[in-house]
Amino acid sequence: MSLLRLLLASLVHHRRMHAAVACGVAVGTAVLTGALLVGDSMRGSLRQLTLDRLGRIDQALVADRFFRVQLADELAARPGFPKEAAAIPAILLDVSVESAGSGPAARANRVHLVGCDARFWALGSGGPSHPPGAREIVINQPLADRLGAKAGDAVLVRLPYAVSIPAESPLGRKSETVRTGRFTVSEVIPARGFGRFGLRAGQQAPRNAYVALESLQDRLDQPGRANAILVSGADESVQDLLAP
């Protein structure tokens, strides 16, 4: 018997075993291929969400205390900072917001509050028809749904006091650690583009609120100060540009 006929006879005799192995290989290949496709799809979705919520912002410098807003202009004037790039000051805080209407009060915690001006909205899409005024606030749809609020309604924003000693410290102030500001909702924007702006990665739509930078500075007793710089169009690191 030739070698070829011996191989064919072996295949025929053990056909059931070979069929089971082939099915197992096919199932394993399908599972691995599906996992790779799902992983690539999820990675692409997360990348698209990140680019959508950050707009043209490439870098961000966020401090745990306030500094002069002129630092953003000084950064833009540094050698090596591209002329077409932008560095804008902002205030980023985590606050709680409460409805102030005649109906039952609703409250939302862990709300991302952004104090910004028109330059911020120029860096991305999904912004309001006009920036909020002195006593106005723009909220995104997830926050509006939580509060049951709409344009024209009043909301209360609980703002933290800016203190040099943390409240949990033995020397920190234990009372009056927050203050309340009353704002009128000027517009509700959808949770896309800058409507879901945030520096923390995540798939869940955040609850965001936006107020005028100067208005928030006044409420916090921090005139001419900010705690964040948002940079667009600069390749060099912000820390390197700020280095002496």
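Each chain carries its own residue numbering, running from 1 in the direction its sequence is written. Confidence filtering applies because this is a predicted model: local features only for residues at pLDDT of at least 70, side-chain atom pairs given and counted only at 80 or more, and all residues used for totals across whole chains, interfaces and linings. Note that water and hydrogens are dropped before the side-chain values are worked out from all heavy atoms of the structure.

Draft legend 1. Structural detail: the overall build of the protein chain. The helix and strand tally for the protein chain stands at 7 helices and 8 strands. Each of the 244 residues in the protein chain was classed as buried or not, and the buried ones make up 34%. Whether two residues touch is decided by their heavy atoms; if any such pair falls within 4.5 Å, the residues are in contact. Contacts in the protein chain between residues at least 24 apart in sequence constitute 78% of all its contacts with a sequence separation of at least 6. Areas reported here follow the Shrake-Rupley algorithm with a probe of radius 1.4 Å; residue values treat only the protein chains shown as occluding. In the structure as shown, the protein chain presents an accessible area of about 14500 Å², 57% of it carried by carbon and sulfur atoms. The helix count covers DSSP runs of H or I at least four residues long, the strand count covers runs of E at least two residues long, and both are numbered beginning at the N terminus. Burial classes: relative accessible area under 20% of the type maximum marks a residue as buried, over 50% as exposed, and values in between as partly exposed (1.4 Å probe, protein chains only).

Draft legend 2. Inspection of the packing of aromatic side chains at higher detail. Working definition: rings of Phe, Tyr and Trp (its six-membered ring) pair if their centres are within 6.5 Å, and the pair is stacked with planes under 30 degrees apart, edge-to-face with planes over 60 apart, and tilted otherwise. Across all of its chains, the model carries 7 aromatic pairs by this definition. What links up through ring pairs into an aromatic cluster is the set Phe120, Trp121, Phe194, Phe197 and Tyr210. Should the NZ of a Lys or the CZ of an Arg lie within 6 Å of a ring centre and within 35 degrees of the ring normal, that charge is described as sitting over the ring. If you follow Arg219 out to its NZ or CZ, it ends over the ring of Phe183, 4.7 Å from the centre.

Draft legend 3. Quick peek at the confidence of the model for the protein chain. Looking at the protein chain as a whole, the pLDDT averages 82, with 80% of positions reaching at least 70. Taken as a whole, residues 163-175 scores under 50 in pLDDT and shows 11 contacts with residues more than four places along the chain or in a different chain. As a per-residue measure, pLDDT tells how confident the predictor is, with possible values from 0 to 100.

Draft legend 4. Seen up close, unusual backbone geometry. For Arg110, which is not glycine, the phi torsion reads 55 degrees and is therefore positive. Along the polypeptide, Arg110 turns up in strand 3 (residues 107-116). A relative accessible area of 73% places Arg110 in the exposed class. Positive phi, normally seen in glycine, also occurs at Asp221, with a value near 60 degrees. By the secondary structure assignment, Asp221 is in the loop between helix 6 (213-219) and strand 8 (225-232). What makes Asp221 exposed here is its relative accessible area of 55%.

Draft legend 5. Representation of the pairing of strand 4 (residues 136-140). Counting buried positions along strand 4 gives 4 out of 5 residues, so the element sits mostly inside the fold. Across 5 bridges, strand 4 lies against strand 6 (residues 178-189) in parallel orientation. Pairing of Glu136 across the sheet is with Thr184, part of strand 6. Strand pairing follows a simple DSSP-based rule, namely that at least 2 bridges must link the two strands. By the bridge criterion, 2 bridges tie strand 4 to strand 7 (residues 208-212) in an arrangement that is antiparallel. Residue Ile139 lies in a different strand from strand 7, and its bridge partner there is Ala209.

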